[in-house]
Amino acid sequence: MTTTPITAGTPAPPPDTSVAAAASPLQVLARVAATVWSNTKARIGVVILLLFVLAAIFAPLLAPYDPSSTEFARSQDASAGHWLGTTAAGEDVLSQLIQGARISVFVGFVAGLLSTLVAVLIGLSWGYVRGWVGDVINFVVNLFLVVPGLPLMIVIAAYLQNGGIGMIILVVVITGWAWGARVLRSQTQSLRGRDFVTAAVFSGERPARIVFREILPNMTSLIVGNFFGAATSAILAEAGLEFLGLGDPSTVSWGTMLFWAQNSNALLTGQWALLFAPGLCIALLATSLTLINFGVDGLSNPRLRERRKVRK
Amino acid sequence: MTYALRKVGLLILTLWAAITLNFFLPRLMPGSPTDAAIAKLSQNGPVTAATRKAIEIQLGVPDGNLLSQYGQYLKQVLTLDFGVSYTFYPQPVADLVGQALPYTLILVGFVTIVAFVLGTLLGVLAAWKRGTWLDALPTLGGSFASAFPYFWTALLLLFFLGYVFKIFPTSGAYGVTNVPGFSGAFIGSALNHAVLPAVTILITSLGGWILGMRNTMISTLGDDYVTFAEANGLKPHTVAIRYAARNAILPNLTSFGLALGGVVGGSVLVETVFGYPGIGYLLLKAVTNQDYPLMQALFLMITVSVLLANFIVDILYGVLDPRTRK
């Protein structure tokens, strides 16, 4: 089993000595942002993502009503008072939708961050060690890669019984770190043989320092890409679990909105807005992250950058 | 040959690990799933000593001997004896799984292969026609569609094609009047019921194949041997298919095995929406009713199927790529 060779186009060749570490983290970040922004698809993604993040932050100000208030007429179609209608319990759909952005953005961010952290810790150490330890990690990672994620999440969630957002994040992290670990490991392995690593070894650096201070900065783009990928699957998984009724059904999120919509027969009452809107938001948010990753891909593989001129 | 033997060894080791994971999962959980299960089961009437024993082997006794439980559990798994279901008491779990399995296997298996072939072809086309609408449409459409939550695509299709326009049936795997069997009427009805779930899985999984193939294909198109083939004056489609695509498909094949887990997970959601009586629908029923033996058996079944599919892909990979056979 091999992964796509990503070694071909590592960004600038790494400096020979660690002393010559030129760019400060801030400059690196600015360069990353500029490369991502130069990609049209990524730019669209950034704009969509920002809209959702703003909606999440200012949800209480933007929502026309209290999202959990049940004072309105039930199962209403769209009207001037309720742009997207009301739910079967008499809540305002638009207010719930805006409130729901909070949960999805939060879960995506936290679960994405945590599983990237696990992936970095395991992937980099795994790429650096040699011998049987590497084989054991290889086996564990492969196991987590092939065991189907959602069924595993469902089973864990069933045992943990309505644990709410914290449980969902935990479950998503447990099932979602393996892919990133494998990608980061193969990159670590290829960087491990470079001269600047050998130089660091000879100058007596500790392995942990070599891995996290010398090798890690060369993989910024992969790690960023992994974060967006993990956040996307976290958002989809969270919505899926809540749709199945395995989260806390009293939280207002896009997944629970669809859970209640299906359970209150919104299909029969014909409230298409209630069915359509939350799913569209999930899809848009997830797409925005995927689009950003088009730009991030260009960081590590210049061949995938958008061409200004046509080749030939 | 050594390659195949190594893969068989790995398969057995992975199967063992998955079975063991399934054993430890309930035992690692806070609280006692066993107590909850027995409390739940006693609502159906008195729990016999044998049933109680079976549950304890599957879910764990708080202060039992782990090793002997593990031995008994392995024996249970190997003899496919998973005890009785609580929800469908007193039907054995193995029977329920056996009834549901064909629906999921046929549905997911068929759709996944169609999605893989179609997506790979579109990916080749997108990479070859890079920068034109033939690239932009599948790439953007694919990445948008693959961000659709499975259950949402399912709900929309069900709403519009099932309820509003009434083109397809809204739930089940065959009509109420049909008796399962090899009759034309039954197969027709079964196919009609499978259309919406199949289309849902196709829409959501297609994008991943397009993007994966497009990206690896773009990488191979930049390789020297492709330039050389072009310089030799070979026909463009020969270069695209015989040179670039042929090499780009290998990494995509590896992801085929891995993506299968995702599709199987998605089918749980899809089956739930359509009330399609496969493994996923049964899993959700087991979960909502805290039917732990059924849940354990289903999870094991799903994992083992995905492992076997991955094994087949690995073997296929060895056939296609001579380098792995060294």
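Calculation criteria
- Residues numbered from 1 in each chain as written.
- Chains lettered and ligands numbered in written order.
- Predicted model: local features only at pLDDT ≥ 70, side-chain atom pairs only at ≥ 80, totals over all residues.
- Heavy atoms only, no water.
- Helix = DSSP H or I, 4+ residues; strand = E, 2+ residues; numbered from the N terminus.
- Buried < 20%, exposed > 50% of the residue type's maximum accessible area, 1.4 Å probe, protein only.
- Contact = heavy atoms within 4.5 Å.
- Areas by Shrake-Rupley, 256 points an atom, 1.4 Å probe, with all protein chains shown as cover.
- Salt bridge = Lys/Arg side-chain N within 4 Å of Asp/Glu carboxyl O.
- pLDDT = per-residue confidence, 0-100.
- Phe/Tyr/Trp six-rings, centres within 6.5 Å; stacked < 30°, edge-to-face > 60°.
- Lys NZ or Arg CZ within 6 Å of the ring centre and 35° of its normal.
- Core = buried A, V, L, I, M, F, W, Y, C linked by side-chain atoms within 4.5 Å.
- Domains from an automatic or database assignment.
- Buried area = accessible area lost by both parts, 1.4 Å probe.
- Polar contact = N/O pair within 3.5 Å; in protein donor to acceptor, adjacent residues only side chain to side chain.
- Nonpolar A, V, L, I, M, F, W, Y, C, P; charged D, E, K, R; others polar.

**Some points on the overall build of chain A**
Part 1: When helices and strands are counted, chain A shows 14 helices and zero strands.
Part 2: Counting every position in chain A, which comprises 312 residues, the buried fraction comes to 51%.
Part 3: Pairs at least 24 apart in sequence give 72% of the contacts found in chain A among residues at least 6 apart.
Part 4: Roughly 14,200 Å² of accessible area belongs to chain A as shown, and the carbon and sulfur atoms make up 65% of that amount.

**So, the pattern of salt bridges**
Residue and element names in this part refer to chain B.
Part 1: Under the defined criterion, the tally for this structure stands at three salt bridges over all chains.
Part 2: Between Lys7 and Asp314 there is a salt bridge; the shortest N-O distance is 3.6 Å. Within this pair, whereas Lys7 is found in helix α1 (residues 2-28), its partner Asp314 is found in helix α12 (residues 292-320), the two being separated by 307 residues in sequence.
Part 3: A salt bridge links Arg214 to Asp135, with the nearest nitrogen and oxygen atoms 2.8 Å apart. Here Arg214, found in helix α8 (residues 184-221), pairs with Asp135, found in helix α6 (residues 133-145); they are 79 residues apart in sequence, far enough to count as distant. As far as burial versus exposure is concerned, Arg214 and Asp135 are alike and both buried.

**A few points about the confidence of the model for chain A**
Part 1: Per-residue pLDDT for chain A has a mean of 81; in total, 88% of the residues score no lower than 70.
Part 2: In this model residues 1-20 of chain A is a low-confidence stretch, pLDDT under 50, and it forms 36 contacts with partners more than four residues away in sequence or in other chains.

**A few points about the packing of aromatic side chains**
Part 1: Applying the stated criterion across every chain, the model contains 19 aromatic pairs over all chains.
Part 2: Pairing Phe23 of chain B with Phe24 of chain B gives two aromatic rings, centres 5.0 Å apart and planes at 80°, and the pair type is edge-to-face.
Part 3: With a relative accessible area of 0%, Phe23 of chain B lands in the buried category.
Part 4: The partly exposed category is assigned to Phe24 of chain B, whose relative accessible area is 32%.
Part 5: Between Phe116 of chain B and Phe256 of chain B the ring centres are 4.8 Å apart and the planes differ by 65°, which places this aromatic pair in the edge-to-face class. Of this pair, Phe116 of chain B sits in helix α5 (residues 93-128) while Phe256 of chain B sits in helix α10 (residues 236-274); the two residues are 140 residues apart in sequence, bridging distant segments of the chain.
Part 6: On the accessibility criterion, Phe116 of chain B (12% relative accessible area) is buried.
Part 7: Here a set of aromatic residues connected by ring pairs shows up, and it is made of Phe276 of chain A together with Phe144, Phe148 and Trp152 of chain B.
Part 8: Taking the ring centre of Phe294 of chain A as reference, the NZ or CZ of Lys41 of chain A above it sits at 4.6 Å.
Part 9: The cationic tip of Arg192 of chain A hangs over the ring face of Tyr128 of chain A; the distance from NZ or CZ to the ring centre is 4.4 Å.

**Focus on unusual backbone geometry**
All names here are of chain B.
Part 1: In this model, Leu80 sits at a positive phi of 55°, which is unusual for a non-glycine residue.
Part 2: Within the fold, Leu80 resides in the loop between α4 (66-78) and α5.
Part 3: Residue classification places Leu80 among the exposed residues on the basis of a relative accessible area of 54%.
Part 4: Phi at Lys166 takes a positive value of approximately 55°, unusual for a residue other than glycine.
Part 5: Its location among the elements puts Lys166 in the loop between α7 (150-164) and α8.

**Side note on the nonpolar core**
Part 1: Counting residues in each nonpolar core, the largest one holds 126 residues, and the members touching the most others are Ile154 and Trp254 of chain A together with Phe151 and Met295 of chain B.
Part 2: Among the elements that make up this core, the one with the highest residue count is helix α14 (residues 272-300) of chain A (11 residues).
Part 3: Counting contributing residues per domain, this core is built from domain 1 (33-79) and domain 2 (94-325) of chain B, each supplying no fewer than three.
Part 4: Sequence-distant contacts of Met295 of chain B, that is, excluding residues within four places in its chain, are made with Val155, Ala158 and Tyr159 of chain A together with Leu283, Ala286 and Val287 of chain B.
Part 5: Val141, Ala181, Val197 and Leu222 of chain A belong to the second-largest nonpolar core, a separate cluster that totals 29 residues.

**Comments concerning the interface of chain A and chain B**
Part 1: In this assembly, 55 residues from chain A lie in contact with 62 residues from chain B.
Part 2: Taking both sides of the interface into account, the surface hidden between chain A and chain B amounts to around 5,200 Å²; carbon and sulfur atoms contribute 77%.
Part 3: In this assembly, chain A and chain B are joined by zero salt bridges.
Part 4: One can count three residue pairs in polar contact (both at pLDDT 80 or more) joining chain A with chain B.
Part 5: Listing elements by their share of the side of chain A that touches chain B, those giving two or more residues are α5 (132-146), α6 (149-160), α8 (178-192), α11 (220-243), α12 (254-263), α13 (266-269) and α14 of chain A.
Part 6: It is α14 of chain A that contributes the most residues to the side of chain A that touches chain B, 14 residues altogether.
Part 7: A per-class count over the side of chain A that touches chain B returns 37 nonpolar, 10 polar and eight charged.

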